[in-house]
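Spelled out from the first residue to the last, the chains are:
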Amino acid sequence: MAGPDLVKTFLYTLNNLLQQEKYKAVLAVLKGFRNGAVYGAKIRAPHALVMTFLFRSGSLKDKLGAILRATYTHSRNLACFVFTYKGLRALQQSVRGQSLQSHSFLAACVGGWLIFGDNNNINSQINMYLLSRILFGLSRLAVEKGFIPQPRRDPFPLFATLVWGIVLWLFEYYPHTLQPSLQSSMNYLYHDSNTWHDIADFLIFNKPRTR
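The structure displayed is predicted, hence computed values, not measured ones.

Chemist: Explanation requested: the overall build of the protein in the structure shown.
Modeler: Across its full length, the protein carries 8 helices and 0 strands. Computed over the C-alpha atoms, the radius of gyration of the protein is 24 Å, more than 25% above the 17 Å expected from 2.2 N^0.38 for a compact globule of 211 residues. By its C-alpha atoms, the protein is 70 × 60 × 30 Å across when sized along the principal axes. Buried positions account for 21% of the 211 residues belonging to the protein. The contacts of the protein with a sequence gap of at least 6 include a subset with a gap of at least 24, amounting to 47%. A total of about 16,300 Å² of accessible surface is found on the protein, and carbon and sulfur atoms cover 64% of it.

Chemist: What exactly am I supposed to notice about the layout of surface pockets here?
Modeler: The gaps of empty space that remain are located by a probe, the size of a water molecule, rolled over the atoms. Size it by volume and the largest pocket reaches roughly 970 Å³. If you go around the largest pocket, you meet 29 residues; those closest to its centre are Gln125, Ile126, Asn127, Tyr129 and Leu130. It is helix H5 (residues 121-145) that contributes the most residues to the lining of the largest pocket, 8 residues altogether. Looking at the lining of the largest pocket residue by residue, the class counts come to 15 nonpolar, 12 polar and 2 charged.

Chemist: Whenever I open this one, the state of the cysteines confuses me. Can you help?
Modeler: Applying the stated criterion across every chain yields a total of 0 disulfides. Here Cys80 stays unpaired: no disulfide links it, and the sulfur of Cys109, its closest cysteine neighbor, is 18 Å away. For Cys80, a relative accessible area of 26% translates into the label partly exposed. The partly exposed category is assigned to Cys109, whose relative accessible area is 37%.

Chemist: I keep staring at the packing of helix H2 (residues 24-55) against helix H3 (residues 60-96) and nothing clicks. Help me out?
Modeler: Pairs of packed helices are described in terms of their axes, by the angle between the two and the distance that separates them. H3 packs onto H2 with a crossing angle of 155° between their chain directions and a minimal axis gap of 7 Å. As summarised for this structure, H2 and H3 are arranged roughly antiparallel, according to the angle between their axes. Relative to H3, the crossing made by H2 is right-handed. Class assignment of the residues belonging to the contact of H2 with H3 gives a composition of 23 nonpolar, 8 polar and 3 charged.

Chemist: Explain the environment of Thr71 here, please?
Modeler: Note on placement: Thr71 falls in helix H3. Here the alpha-carbon distance between Thr71 and Ala48, two residues 23 residues apart in the chain, equals 7.2 Å. At 2.8 Å, the side chain of Thr71 forms a polar contact with the backbone oxygen of Ile67.

Chemist: I would appreciate a short explanation of the nonpolar core in the present structure.
Modeler: In a soluble, globular protein the nonpolar side chains are often hidden away together inside. By size, the foremost hydrophobic cluster in this structure holds 11 residues: Ala48, Ile67, Ala70, Leu78, Phe81, Tyr85, Ala107, Ile115, Phe116, Ile122 and Ile126. The set of elements that each furnish at least two residues to this core consists of H3, helix H4 (101-115) and H5. Among the elements that make up this core, the one with the highest residue count is H3 (5 residues). Val167, Leu170, Leu178 and Met186 belong to the second-largest nonpolar core, a separate cluster that totals 6 residues.

Chemist: Explain the domain arrangement of the protein here, please?
Modeler: It is common to give the size of an interface as the accessible area lost on bringing the parts into contact. Per the domain assignment, the segments of the protein are domain 1 (8-117), domain 2 (118-150) and domain 3 (154-210). Between the C-alpha centres of domain 1 and domain 3 the distance comes to 34 Å.

Chemist: Is there a simple way to think about the side chain of Gln179 in this case?
Modeler: With respect to the element layout, Gln179 can be found in the loop between helix H6 (156-173) and helix H7 (180-191). Engagement of the side chain of Gln179 in a polar contact is seen with the backbone oxygen of Asn121, the distance being 3.4 Å. Setting aside residues up to four positions removed in sequence, Gln179 forms contacts with Asn121, Ser124, Gln125 and Met128.

Chemist: Honestly, H6 in this entry has me stumped. Any pointers?
Modeler: Because each turn of an α-helix spans 3.6 residues, side chains separated by three or four positions in sequence point in the same direction. The end-to-end C-alpha distance of H6 is 26 Å, a good match for the 26 Å that 18 residues give at a rise of 1.5 Å each. Regarding H6, the residues found buried are Val167, Leu168, Leu170 and Phe171. All buried residues of H6 lie within an arc of 160° about the axis, which places them on one face of the element. Of the residues in H6, the exposed ones pointing more than 90 degrees away from the buried face are Leu158, Thr161 and Tyr173. Along its buried surface, H6 packs onto H7.

Quick notes on the rules
- Residues numbered from 1 in each chain as written.
- Predicted model: local features only at pLDDT ≥ 70, side-chain atom pairs only at ≥ 80, totals over all residues.
- Heavy atoms only, no water.
- Helix = DSSP H or I, 4+ residues; strand = E, 2+ residues; numbered from the N terminus.
- Rg over C-alpha atoms; globule rule 2.2 N^0.38 Å.
- Buried < 20%, exposed > 50% of the residue type's maximum accessible area, 1.4 Å probe, protein only.
- Contact = heavy atoms within 4.5 Å.
- Areas by Shrake-Rupley, 256 points an atom, 1.4 Å probe, with all protein chains shown as cover.
- 1 Å grid on protein atoms, 1.4 Å probe; cavity = no way out; pocket = protein on both sides within 12 Å on 5 of 7 lines; lining within 4 Å.
- Points joined across faces, edges and corners; volume = space filled by probe spheres on them.
- Nonpolar A, V, L, I, M, F, W, Y, C, P; charged D, E, K, R; others polar.
- Disulfide = S-S within 2.5 Å.
- Axes fitted to C-alpha atoms, helices over the stretch in contact; angles between N-to-C directions.
- Parallel < 35°, antiparallel > 145°, perpendicular 65-115°, else oblique.
- Left-handed = near helix turned anticlockwise from the far one by under 90°.
- Polar contact = N/O pair within 3.5 Å; in protein donor to acceptor, adjacent residues only side chain to side chain.
- Core = buried A, V, L, I, M, F, W, Y, C linked by side-chain atoms within 4.5 Å.
- Domains from an automatic or database assignment.
- Expected span 1.5 Å × (residues − 1).
- Arc of directions from axis to C-beta.

Now the structure itself:
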């Protein structure tokens, strides 16, 4: 009975510790690390699975290795960023005695530089994803604050027009400026569809199967 009793005592002590207000800031940082790791894995694993099997050549072992590396990198980076951001924000709040908007900005800047400043495919995708959200958010905030007048018409059609016009222009004439995964997707959609030999690679396969 000593074993189960020891487990119960440990769990009781641990749960009691988690309820202590004085440890809340530190525990929130650790929980943020946990959530960052889990969320990063949940987001990257299915994306890496689909993109790898659609566009990557090589053996099954190579493909699975690429999926695991991408998932690990995304999960690790997001976990480390959340840990750094929440830790620095809590530290600034502790020093100043209050929470300021600048604390969030500075903590995120430091985390972004340390964690997402390395120029690789995973970080590039994440940063570009955030950039599109930032532009939307800043535009809405500018309207809310009165810096930009409320549009009389929905500006989304104009936005879509410019986005697709620019990205296809870049793809057709300056493809090297686009991210590799985007180049692969667009090659599949717009260039590979220009070539076929028979019904097999016209309707069933993208390219002739090598024997």
